[in-house]
Amino acid sequence: MNSSSRPTWDEYFLGIAVAISARADCTRRRVGAVIVRNNRIVSTGYNGAPAGQPGCLEGHCPRGRNTLEEQPPGGSYDDCISVHAEANALLYADRDKCEGATIYCTDDPCIGCTKLINGAGICRIVVWDR
């Protein structure tokens, strides 16, 4: 493998975020997130029901049972049982390891997740540009 075909760190960690998104437990969207500090993975997360609880793919999410016409993307999340990928990554990360870190996401973080990311001390957000 020559050096020109080697991925950049951003490409590398975005690729990992894409792989993590495959574990998502949502019928509407699959999102993955990776928190990285000093080019080392601190934590990962994907969107889905809280750990140990029945999920969307099992038919337990009221929002997930609606068609896109009944509940278009960007509509109310009040009926959704899913924890967002970014929030899950933060739940499993130590606060001191998040300060100054980068989070890689397969989709733009929502306003709520952006607040959590900023509150955790993460200083950079990189989003996959499909």
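Up top you'll find the structure we're talking about.
Within any chain, residue numbers begin from 1 and follow the written order of that chain's sequence. The predicted origin of the model limits local features to residues at a pLDDT of at least 70 and limits the giving and counting of side-chain atom pairs to 80 or more, whereas totals for whole chains, interfaces and linings rest on all residues. Calculated side-chain values reflect all of the structure's heavy atoms, with hydrogen atoms and water omitted.

**Remarks on the sheet that holds strand β2 (residues 40–46)**
Line of reasoning, step 1. Judged by pairing direction, the sheet is mixed, and its four strands sit side by side in the order β2-β1-β3-β4 without closing on themselves. Whereas interior strands pair on both sides, the edge strands pair on one side only; in this sheet they are β2 and β4 (124–127). With direction set aside, neighbouring strand axes in the sheet form an average angle of 20°.
Line of reasoning, step 2. Sheet analysis places strand β1 (residues 32–37) next to β2, joined by six bridges and oriented antiparallel. By the bridge assignment for β2, Ile-35 is matched with Ser-43.
Line of reasoning, step 3. Residues count as neighbours in contact if any of their non-hydrogen atoms are within 4.5 Å of one another. The axes are straight lines fitted to the C-alpha atoms, using for helices just the contacting stretch, and the angles between their N-to-C directions are given from 0 to 180°. Counting from the N terminus, the helices are the DSSP runs of H or I reaching at least four residues and the strands are the DSSP runs of E reaching at least two. Of the strands in this sheet, β1, β2, β3 (102–105) and β4 are in contact with helix α1 (residues 9–21), which crosses β1 at around 140°. Two strands pair if DSSP finds at least two bridges between them.

**As for the nonpolar core**
Line of reasoning, step 1. Remark: nonpolar core denotes a set of buried residues (Ala, Val, Leu, Ile, Met, Phe, Trp, Tyr, Cys) joined through side-chain atoms within 4.5 Å. Between buried and exposed lies partly exposed: a residue is buried under 20% and exposed over 50% of the maximum accessible area for its type, with that area taken using a 1.4 Å probe on protein chains only. Grouped together as the largest cluster of nonpolar side chains are 14 residues, with contacts concentrated most on Ala-33, Ile-35, Leu-90, Cys-98, Ile-103, Ile-117 and Ile-122.
Line of reasoning, step 2. Breaking this core down by element, the ones donating at least two residues are β1, α3 (85–91) and β3.
Line of reasoning, step 3. Counting residues per element, this core draws most heavily on α3, which supplies three residues.
Line of reasoning, step 4. If you look at the next biggest cluster of nonpolar residues, it comprises eight residues, including Phe-13, Ile-20, Val-34 and Tyr-104.

**Quick look at the side chain of Thr-102**
Line of reasoning, step 1. Within the secondary structure, Thr-102 sits in strand β3.
Line of reasoning, step 2. Among the residues examined, Thr-102 registers a relative accessible area of 11% and is labelled buried.
Line of reasoning, step 3. In contact with Thr-102, not counting residues within four places along its chain, are Val-34, Ile-35, Val-36, Ile-122, Arg-124 and Val-126.

**Focus on the pattern of salt bridges**
Line of reasoning, step 1. Each reported salt bridge corresponds to a side-chain nitrogen of Lys or Arg within 4 Å of a carboxyl oxygen of Asp or Glu. Taken as a whole and assessed by the stated rule, the structure comprises four salt bridges.
Line of reasoning, step 2. Arg-124 is paired through a salt bridge with Asp-10; the nearest N and O atoms lie 2.6 Å apart. Here the residue Arg-124 occupies a position in strand β4, and Asp-10 occupies one in helix α1, the gap between them amounting to 114 residues.
Line of reasoning, step 3. With a relative accessible area of 24%, Asp-10 lands in the partly exposed category.

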